[in-house]
Protein chains: 2
Amino acid sequence: MQRRNTKQRKIVLDSIQKHMGHFTADEIYLRIHTEDPHISRATVYRNLQFLADEQQIRRVKMPNSSDMYERNLDDHDHMVCRICGAVMDVGPIHSRVDQKVEKISGFSDIQHTFLFSGICPACQKKLKKQKKQ
Amino acid sequence: MQRRNTKQRKIVLDSIQKHMGHFTADEIYLRIHTEDPHISRATVYRNLQFLADEQQIRRVKMPNSSDMYERNLDDHDHMVCRICGAVMDVGPIHSRVDQKVEKISGFSDIQHTFLFSGICPACQKKLKKQKKQ
DNA sequence: ATATATGCAAATAGTTTGCAAGGAG
DNA sequence: CTCCTTGCAAACTATTTGCATATAT
């Protein structure tokens, strides 16, 4: 099983590489589609999976919404705004907690997904304005 | 808008109360359905939402699979086996981290979802056996 | 040459919704 | 008597899959 460097795979990878931030598969498909209307949705989905499995990009699992993809491979966690959905990187928070949890649970090969949610500064402002009215 | 105590709502709540563990909406529907084949899937889904919103039960958001529901309302986090999917409670891990994250992110009203994954003791045993063969 | 990758369309799965009928307060 | 809740079926959405064709190596 050898990987092939197709035009489409390169387009998908480039699309992640040149935008900072966090995007769903469909958002990435849409972005690509405006530039190259020929590439298919299935191909974008398949390549995102592939690239994430190969660790060339990072897949971020979100509760209650689609996985997102980002180019930042460094260890870190995420914060999402409960109003507007904006996602930002935080941390990394406490890698050591994995060892602690390994001891108390008996599970091995611990990984974690830490997701914080809150109200982002922009939405806080908007809420204050609404109150004043 | 006033809550009504329907027979179906009581059945759904009871079904959570009397089983410890973590279940998807559909698992709960199936369990109820064997006892009362009359109750509909939509009703079970709606009532689980309702009861979770009312904090009578807890909704646990899982990345990449359906939300689960549990009767344990105490503050805690979760650990899921990457092989068999078993879920167990852990923690609570570090409530204080929320304040730290509030400072560095500028977000307010921080909540978190910590999900750990690993290989559960039972699956560890099975893996060892497989190696020996 | 040959196995991997693509594009299309259809399938899937889990959940939600519209609506008419039922029933709790 | 109200209007919240139910049951049914249809709708929905994001993602995956089967298959014939194209293409990288």
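Predicted model only: the values in this text are computed from it and were never measured.

## Side note on the pattern of salt bridges
Taken as a whole and assessed by the stated rule, the structure comprises eight salt bridges over all chains. Residue Asp53 of chain A pairs with Arg59 of chain A through a salt bridge whose shortest N-O separation is 3.1 Å. Taking the relative accessible area as the measure of exposure, Asp53 of chain A reaches 55% and is therefore exposed. Residue classification places Arg59 of chain A among the partly exposed positions, given a relative accessible area of 23%. Measuring nitrogen to oxygen at the nearest pair gives 2.9 Å for the salt bridge that ties Arg41 of chain B to Asp26 of chain B. Here Arg41 of chain B is found in helix H3 (residues 41-53), whereas its partner Asp26 of chain B is found in helix H2 (residues 25-35), with 15 residues between them in sequence.

## Notes on the domain arrangement of chain A
Residue and element names in this part refer to chain A. By domain assignment, chain A separates into domain 1 (1-73) and domain 2 (78-133). Taking the mean C-alpha position of each, domain 1 and domain 2 sit 23 Å from one another. Of the residues lining the interface, nine residues belong to domain 1; the matching set on domain 2 comes to seven residues. Together domain 1 and domain 2 conceal approximately 550 Å² of surface at their shared face, both sides included; 66% is due to carbon and sulfur atoms. Linking domain 1 to domain 2 there are zero salt bridges.

## Let's talk about the interface of chain A and chain B
Every contact between the two is made by 34 residues of chain A and, on the other side, 34 residues of chain B. Buried surface at the junction of chain A and chain B, summed over both partners, amounts to about 3,000 Å²; 63% is from carbon and sulfur atoms. Linking chain A with chain B are zero salt bridges, by the criterion used here. At the boundary of chain A with chain B, the tally comes to 12 residue pairs in polar contact (both at pLDDT 80 or more). Per-element accounting of the side of chain A that touches chain B gives the leading share, 12 residues, to strand S6 (residues 108-119) of chain A. Among the residues making up the side of chain A that touches chain B, the classes are represented as 18 nonpolar, 11 polar and five charged. Pairing between S6 of chain A and strand S6 (residues 108-119) of chain B: nine bridges, direction antiparallel. Of the residues in S6 of chain B, the one forming a bridge with Ser117 of chain A is Gln111 of chain B.

Reading the values: the criteria
- Residues numbered from 1 in each chain as written.
- Chains lettered and ligands numbered in written order.
- Predicted model: local features only at pLDDT ≥ 70, side-chain atom pairs only at ≥ 80, totals over all residues.
- Heavy atoms only, no water.
- Salt bridge = Lys/Arg side-chain N within 4 Å of Asp/Glu carboxyl O.
- Buried < 20%, exposed > 50% of the residue type's maximum accessible area, 1.4 Å probe, protein only.
- Helix = DSSP H or I, 4+ residues; strand = E, 2+ residues; numbered from the N terminus.
- Domains from an automatic or database assignment.
- Contact = heavy atoms within 4.5 Å.
- Buried area = accessible area lost by both parts, 1.4 Å probe.
- Polar contact = N/O pair within 3.5 Å; in protein donor to acceptor, adjacent residues only side chain to side chain.
- Nonpolar A, V, L, I, M, F, W, Y, C, P; charged D, E, K, R; others polar.
- Pairing = 2+ DSSP bridges.

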